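# Descriptive structure summary
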Amino acid sequence: MSDRRGPHRATEPVPRSRSGAFGRHHPRTGTEPLRAQSPLRLRLLLSGVFLPLFVAGAVFFGVWAADTGSGDSPGRGMLVVITVVCGALALLAAADLLVVIRRLRGERGAPTR
């Protein structure tokens, strides 16, 4: 981001009182970290477990929806909705997996793509 006040101002740290978009509402107590980090290893494990489960669920419900007749229960529409939800959750898990891998590589000092 460019700063109109000069190039030397862009490298200065943001004061703690103005760290958010609109500033802090409460003063810092000193117990919270300056930069909170999520547990990346746990996110890696959860994404790695649930990605194949959601993909398998999407495939299973998609095949079931394709084989469903007009009078069967559950109906084709409901199975298609479940298939789409499983597919969307699989995409979300895949995106989270990529983000976590990128952040872990950045912490190790490995070059990111």
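Look up: the structure comes first, before these words.
Read on for an overview of the structure. Each chain carries its own residue numbering, running from 1 in the direction its sequence is written. With the structure being a predicted model, the display of local features is reserved for residues of pLDDT at least 70 and the display and counting of side-chain atom pairs for 80 or more, all residues being used for whole-chain, interface and lining totals. As a rule here, side-chain values cover all heavy atoms of the structure and leave hydrogens and water aside.

## Details of the pattern of salt bridges
Stated precisely, the cut-off is as follows: Basic side-chain nitrogens of Lys or Arg form a salt bridge, by our definition, when they fall within 4 Å of a carboxyl oxygen of Asp or Glu. Helical segments are the DSSP runs of H or I of at least four residues, strand segments are the runs of E of at least two, and each set is numbered from the N terminus. The buried label applies to any residue whose accessible area, calculated with a 1.4 Å probe on protein chains only, is under 20% of its type's maximum; exposed applies above 50%, and partly exposed to all values in between.
In total, this model carries 1 salt bridge according to the counting rule given. Where Asp96 meets Arg43, a salt bridge forms, and the shortest distance between an N and an O atom there is 2.3 Å. Of the two residues, Asp96 is situated in helix H2 (residues 76-108) and Arg43 in helix H1 (residues 40-67); the sequence distance between them amounts to 53 residues. When its relative accessible area of 22% is taken as the criterion, Arg43 is described as partly exposed.

## Considering unusual backbone geometry
For the bond running from Ser73 to Pro74, omega is 0°, close enough to zero to count as cis. With respect to the helices and strands, Pro74 occurs in the loop between H1 and H2.

## Considerations on a nonpolar patch on the surface
The condition that has to hold: Residues enter a patch when their relative accessible area is above 30% and they make no salt bridge; the linking distance is 9 Å between like charges and 5 Å between nonpolar side chains (Val, Leu, Ile, Met, Phe, Trp, Tyr). Under the convention used here, a 1.4 Å probe and the Shrake-Rupley method define accessible areas, while residue burial counts only the protein chains that appear.
A grouping of Leu42, Leu45, Leu46, Val49, Phe50 and Leu53 is seen on the molecular surface, where their side chains present a nonpolar patch of about 540 Å² in accessible area. On the secondary structure map, Leu53 appears in helix H1.

## Looking at the packing of aromatic side chains
This is how it is decided: For Phe, Tyr and Trp, rings pair up if their centres lie within 6.5 Å, where Trp contributes its six-membered ring, and each pair is then called stacked (planes under 30 degrees apart), edge-to-face (over 60) or tilted (otherwise).
Under the criterion given, the structure shown has 4 aromatic pairs. A centroid spacing of 5.2 Å and a plane angle of 70° characterise the contact between Phe60 and Phe61, whose relative ring orientation is edge-to-face. Pairing Phe60 with Trp64 gives two aromatic rings, centres 5.8 Å apart and planes at 55°, and the pair type is tilted. Placement of both Phe60 and Trp64 in helix H1 is noted, with a separation of 4 residues, approximately one turn of the helix. Here the aromatic residues Phe60, Phe61 and Trp64 are joined through ring pairs into a cluster of three or more.

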